[in-house]
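# Coordinates in review
Given next are the chains, with one letter for each unit.
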Amino acid sequence: MTIKYRIPCSESDIFVLEKEDEFHVTIGSRVNPLSFGNKLADYVSLGRAIDAADKFCSMYTLIKQYGYHLEGSTFLKEGMPSIPVPELLDKMVTLEAMKEMLDQNALILKT
């Protein structure tokens, strides 16, 4: 496994790792720098994996502001539906659309 891309993100590191014919996007804790952490998604092209890593970091930063946490490859918040990370990345959801969805969910939770 070879690190092809790495970015710091919200007290963690996001990696793009090359493994055989795939590129894995993973998140790892800076507390345990020997680990590549949880696999979030995989791609057949390096460019797509790098784009997904950058997008994930932006989404992760935003969604934490709404009280969600990452468990495996899913965003979770008590009382709210789970949000699978691979689906968000594959659907090419924009940050603006994500924020709008989270704002609507927050309104539903308050009522």
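Everything in this summary refers to the structure shown in the same document.

The rules behind each value
Each chain has its residues counted from 1, following the order in which its sequence is written. In view of the model being predicted, local features appear only for residues whose pLDDT reaches at least 70, and side-chain atom pairs are presented and counted only at 80 or more, with totals across whole chains, interfaces and linings using the full set of residues. With hydrogens and water stripped out, all remaining heavy atoms of the structure feed into the side-chain values. Cysteine sulfurs are considered disulfide-paired once they come within 2.5 Å of each other. Think of it this way: any DSSP run of H or I at least four residues long counts as a helix, any run of E at least two long counts as a strand, and we number them from the N terminus. Think of it in three bands: residues with accessible area under 20% of the maximum for their type are buried, residues over 50% are exposed, and the middle band is partly exposed, with areas taken using a 1.4 Å probe on protein chains only. Among buried residues, those of type Ala, Val, Leu, Ile, Met, Phe, Trp, Tyr and Cys that are joined through side-chain atoms within 4.5 Å constitute a nonpolar core. Contact criterion: two residues are considered in contact whenever any of their non-hydrogen atoms come within 4.5 Å of each other. Strands qualify as paired when DSSP identifies two bridges or more between them. For helices, the fitted line uses only the C-alpha atoms of the stretch in contact; every axis is such a line through C-alpha atoms, and the angle between N-to-C directions lies from 0 to 180 degrees. Each residue after the first adds 1.5 Å to the expected span of a helix.

What is meant by a disulfide is a covalent connection between two cysteines, made through their sulfur atoms. One pass over the full model with this rule turns up one disulfide. C9 shares a disulfide with C57; S-S distance 2.3 Å. Here the S-S torsion is close to 105°, and the disulfide linking C9 with C57 is therefore right-handed. One end of the pair, C9, is in strand β1 (residues 2–9); the other, C57, is in helix α1 (residues 46–65), with 48 residues separating them in the sequence. According to the relative accessible area criterion, C9 is buried, its value standing at 1%.

One finds I14, V25, F56 and F75 to be the most contacted residues of the largest nonpolar core, which totals 31 residues. Contributing elements (two or more residues each) for this core: β1, β2 (12–19), β3 (22–29), β4 (38–43), α1, α2 (85–90) and α3 (95–110). No other element matches α1, which puts nine residues into this core. Sequence-distant contacts of I14, defined by excluding residues within four places in its chain, comprise Y5, R6, I7, C9, V25, T26, I27, A53, F56 and C57.

The subject of this paragraph is the sheet that holds strand β6 (residues 74–76). Pairing within the open sheet is antiparallel, and its three strands lie in the order β5-β6-β7. Edge positions in the open sheet fall to β5 (69–71) and β7 (83–84), since each of these has one partner strand only. Here three bridges tie β5 to β6, and the two strands are oriented antiparallel to one another. Bridged to H69 within β6 is L76. Sitting on the sheet, α1 is in contact with β5, β6 and β7, with an inclination near 10° to β6.

Between its terminal C-alpha atoms α1 stretches 29 Å, which fits the 28 Å expected from 20 residues at 1.5 Å a residue. For α1, the set of buried residues is A49, A52, A53, K55, F56, C57, M59, Y60, L62 and I63.

One non-glycine residue with positive phi stands out, namely S10, at about 50°. With respect to the element layout, S10 can be found in the loop between β1 and β2. Classification of S10 as partly exposed rests on a relative accessible area of 27%. In this model, E11 sits at a positive phi of 65°, which is unusual for a non-glycine residue. Mapped onto the fold, E11 is located in the loop between β1 and β2.

The subject of this paragraph is the pairing of β2. Counting buried positions along β2 yields six of eight residues, so the element is predominantly enclosed. In this sheet, β2 lies alongside β1 in antiparallel orientation, the contact comprising seven bridges. Its bridge partner lying in β2, I7 is registered against I14. Linking β1 back to β2 in an antiparallel pair, the connection comprises two residues, with S10 at a positive phi of about 50°. In the sheet, β2 pairs with β3 via eight bridges, with the strands oriented antiparallel. Bridge pairing in β3 places V16 opposite V25.

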